[in-house]
There are 2 protein chains.
Amino acid sequence: MDSIDKAIIAILQRDSSTPVSEIADSVGLSATPCWRRIKKLEEEGVITKRVALVDRHRLNLRLTAFISVRTAHHSEAWLTKFAESVRRIPEIVELHRMSGDTDYLMKVVCPDMVRFDKVYKKLISVAEFSDVKSSFSMEDLKSTTELPLDYI
Amino acid sequence: MDSIDKAIIAILQRDSSTPVSEIADSVGLSATPCWRRIKKLEEEGVITKRVALVDRHRLNLRLTAFISVRTAHHSEAWLTKFAESVRRIPEIVELHRMSGDTDYLMKVVCPDMVRFDKVYKKLISVAEFSDVKSSFSMEDLKSTTELPLDYI
DNA sequence: GCTGAAACCAGGTAACC
DNA sequence: GGTTACCTGGTTTCAGC
C-alpha cells in the first residue's frame, strides 16, 4: 500500500460516490489502473464496505448515551452470548470490552429518555451485571467515519 | 417518509453500492421512482453522504481508547475553540459534550500506546483540563454505522 | 508487468406517459 | 409511479511502454 493507495482511500473515506475518473485525476493516474487499485483494496479487505450515512436527527435519534457495565461473569461463553445479544439490539451501535474499572462500554442511540429506558431494560434482561452506569451526550461536536491514514 | 423510504434507507445503510434496480425490486418499485426517492432522501439531508468504510487494522489502528476530561472553562468561546482543535486531530474520531461527571468524552484510534501518548500530549496542548481519564478498548465486539429505523 | 487508450456494457438519469 | 430512451461512468480488452 503506497501513497497513491493512501490518497485513493482518503477520497473514498470522504465520498465514495466520487467517479473513478475524478479519483484518477486527483492521484495522477488514468482511470483503469486507478480502478484496479480500488478493486484490489476492496478484494484485500482494506475497504470493507460502502455505506450511506444517515442524519440521526432525521431518524428521530436525538439521544446518544454511553452505558458502562461491570459483570461477575468472565467466561468466554458468557462473553459470546452477551455480544450476540447486543448485536441484536439495533439501538446499541457500539460494544467494547474494556480494560480498567468497567468491563464493557456501549454506545446507544435512541429518540429520548423513555426509549432509552426501554433499551436499558432490554439490556439488563439479556445479561446480569453487577454495576451499570449511564452517561449522556449533550452535544455531538465531532463524529466521523474517516480514519487517520498517517500510519500506513 | 414512509415504509418504502425506510426500506430503501435500510438497504443503503448496509451497502450503498447496491444497484438502484436491485433496491427497486426489494421495495416493490420500478427503478425510476425508486431512484427519485433516493435522490429526494439525499437532497433533504436524510442521507448525508456515501462513504467507504476501511478496516482499521489494515491501517495499523489497533488501539481504541476513550478519553474523558473535565475542564474549568465553560464559556461558549472556549468550547468552540476546543471543538475546532479536536476536529483537526484525525486520531480523535468522536467528541461529545457530556452531562454528569465528565465534561467531554472522546474516542481515539491509533496504532499503539506510544502513539496514543502523542495524541494525548497534542490534546492537552490545545486546551487546559482539570482532570483527564483514559480507558482502553480490549476488544471491539460491535461497531456499526447502521442506525435503527424503528422510530420513523 | 504495469500503464493507458479505446471499446463496451451496465446502471444512473431524464423525458414522457 | 411506470416505460422508454439516453448517456455517464464502470468494466474489459488490448496495444504500448
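This report concerns the structure included in the present document. (Residues numbered from 1 in each chain as written. Chains lettered and ligands numbered in written order. Predicted model: local features only at pLDDT ≥ 70, side-chain atom pairs only at ≥ 80, totals over all residues. Heavy atoms only, no water.)

### A short note on the protein's contact with DNA strand C
Ser30, Thr32, Pro33 and Arg36 of chain A together with Pro19, Val20, Thr32 and Trp35 of chain B make up every residue found near DNA strand C. Backbone polar atom of serine 30 of chain A to a phosphate oxygen of DNA strand C: 3.3 Å apart, as the coordinates give it. For DNA strand C, a base nitrogen lies 2.8 Å from a polar atom in the side chain of threonine 32 of chain A. No other element matches the three residues that helix H3 (residues 31–43) of chain A contributes to the surface near DNA strand C. (Near = heavy atom within 4 Å. Polar contact = N/O pair within 3.5 Å; in protein donor to acceptor, adjacent residues only side chain to side chain. Helix = DSSP H or I, 4+ residues; strand = E, 2+ residues; numbered from the N terminus.)

### Points about a positive patch on the surface
The grouping of Arg70 and Lys133 of chain A together with Arg70 and Lys133 of chain B at the surface amounts to a positive patch. By the secondary structure assignment, arginine 70 of chain A is in strand E2 (residues 63–70). Judged by its relative accessible area of 37%, arginine 70 of chain A falls in the partly exposed class. (Patch = residues over 30% accessible without salt bridge, like charges linked within 9 Å, V, L, I, M, F, W, Y side chains within 5 Å. Areas by Shrake-Rupley, 256 points an atom, 1.4 Å probe, with all protein chains shown as cover. Salt bridge = Lys/Arg side-chain N within 4 Å of Asp/Glu carboxyl O. Lys, Arg positive; Asp, Glu negative; His and termini not counted. Charge placed at Lys NZ, Arg CZ, Asp CG, Glu CD. Buried < 20%, exposed > 50% of the residue type's maximum accessible area, 1.4 Å probe, protein only.)

### Some thoughts on helix H1 (residues 3–14) of chain B
Because an α-helix completes one turn every 3.6 residues, residues spaced three or four positions apart along the sequence face the same direction. Residues and elements named next belong to chain B. Between its terminal C-alpha atoms H1 stretches 17 Å, which fits the 16 Å expected from 12 residues at 1.5 Å a residue. Taken as a whole, H1 has its buried residues at Asp5, Ile8, Ile9, Leu12 and Gln13. The arc that holds the buried residues of H1, viewed along the axis, is 130°, so those residues lie on one side. By the N-cap criterion, in which a side-chain oxygen at the helix start approaches the backbone nitrogen of a residue two or three places on, H1 is capped by aspartate 2, the distance to isoleucine 4 being 3.2 Å. (Expected span 1.5 Å × (residues − 1). Arc of directions from axis to C-beta.)

### Quick word on the protein's contact with DNA strand D
The environment of DNA strand D is formed by Pro19, Val20, Thr32 and Trp35 of chain A together with Leu29, Ser30, Thr32, Pro33, Arg36 and Arg37 of chain B. Take the atoms of DNA strand D that sit within 4 Å of the protein: sugar and phosphate atoms are 53% of them. Separating a phosphate oxygen of DNA strand D from a side-chain N or O atom of tryptophan 35 of chain A is a distance of 2.4 Å. At the level of elements, H3 of chain A together with helix H3 (31–43) of chain B are the ones that each hand at least two residues to the surface near DNA strand D. Of all the elements, H3 of chain B adds the most residues to the surface near DNA strand D, at four residues.

### Considerations on the packing of aromatic side chains
Residue and element names in this part refer to chain A. All chains considered together, the criterion is met by 12 aromatic pairs over all chains. Consider the rings of tryptophan 78 and phenylalanine 129, whose centres lie 6.4 Å apart with planes at 90°: the pair is edge-to-face. Taken together, the positions of tryptophan 78 in helix H4 (residues 76–87) and phenylalanine 129 in the loop between helix H5 (113–126) and strand E5 (131–143) put the pair 51 residues apart, joining distant regions of the chain. Accessibility assignment for this pair places tryptophan 78 and phenylalanine 129 in one class, buried. With centroids separated by 5.6 Å and ring planes inclined at 75°, the aromatic side chains of phenylalanine 82 and phenylalanine 129 adopt a geometry described as edge-to-face. Placement of the pair is phenylalanine 82 in helix H4 and phenylalanine 129 in the loop between H5 and E5, with a sequence separation of 47 residues. Of the residues examined, phenylalanine 129 reaches a relative accessible area of 18% and is grouped as buried. Here a set of aromatic residues connected by ring pairs shows up, and it is made of Trp78, Phe82, Tyr104 and Phe129. (Phe/Tyr/Trp six-rings, centres within 6.5 Å; stacked < 30°, edge-to-face > 60°.)

### Points about unusual backbone geometry
For asparagine 60 of chain A, which is not glycine, the phi torsion reads 65° and is therefore positive. Structurally, asparagine 60 of chain A is set in the loop between strand E1 (47–54) and E2.

### Topic: the packing of H1 of chain B against helix H2 (residues 20–27) of chain B
Residue and element names in this part refer to chain B. Where H1 contacts H2, the two axes come as close as 10 Å, and the packing angle between them is 135°. Taken together, the axes of H1 and H2 lie oblique to each other. H2 is crossed by H1, and the crossing has right-handed handedness. Together, Ile4, Ala7, Ile8, Ile11 and Leu12 of H1 and Ile23, Ser26 and Val27 of H2 make up the contact between the two elements. By residue class, the composition of the contact of H1 with H2 is seven nonpolar, one polar and no charged. (Axes fitted to C-alpha atoms, helices over the stretch in contact; angles between N-to-C directions. Parallel < 35°, antiparallel > 145°, perpendicular 65-115°, else oblique. Left-handed = near helix turned anticlockwise from the far one by under 90°. Contact = heavy atoms within 4.5 Å. Nonpolar A, V, L, I, M, F, W, Y, C, P; charged D, E, K, R; others polar.)

### Here's the deal with the sheet that holds E5 of chain A
Neighbouring strands of a sheet are bound in pairs by backbone hydrogen bonds; such pairs are parallel or else antiparallel. The strand order around the closed barrel formed by eight strands is E2(A)-E4(A)-E3(A)-E5(B)-E2(B)-E4(B)-E3(B)-E5(A), and the pairing between neighbours is antiparallel. Strand after strand, the sheet turns through a mean of 35° between neighbouring axes, direction not considered. Across the sheet, H4 of chain A is in contact with strand E3 (92–98) and strand E4 (104–110) of chain A together with strand E5 (131–143) of chain B; its angle to E5 of chain B comes to roughly 85°. Along the sheet, helix H4 (residues 76–87) of chain B makes contact with E5 of chain A together with strand E3 (92–98) and strand E4 (104–110) of chain B, crossing E5 of chain A at roughly 85°. (Pairing = 2+ DSSP bridges.)

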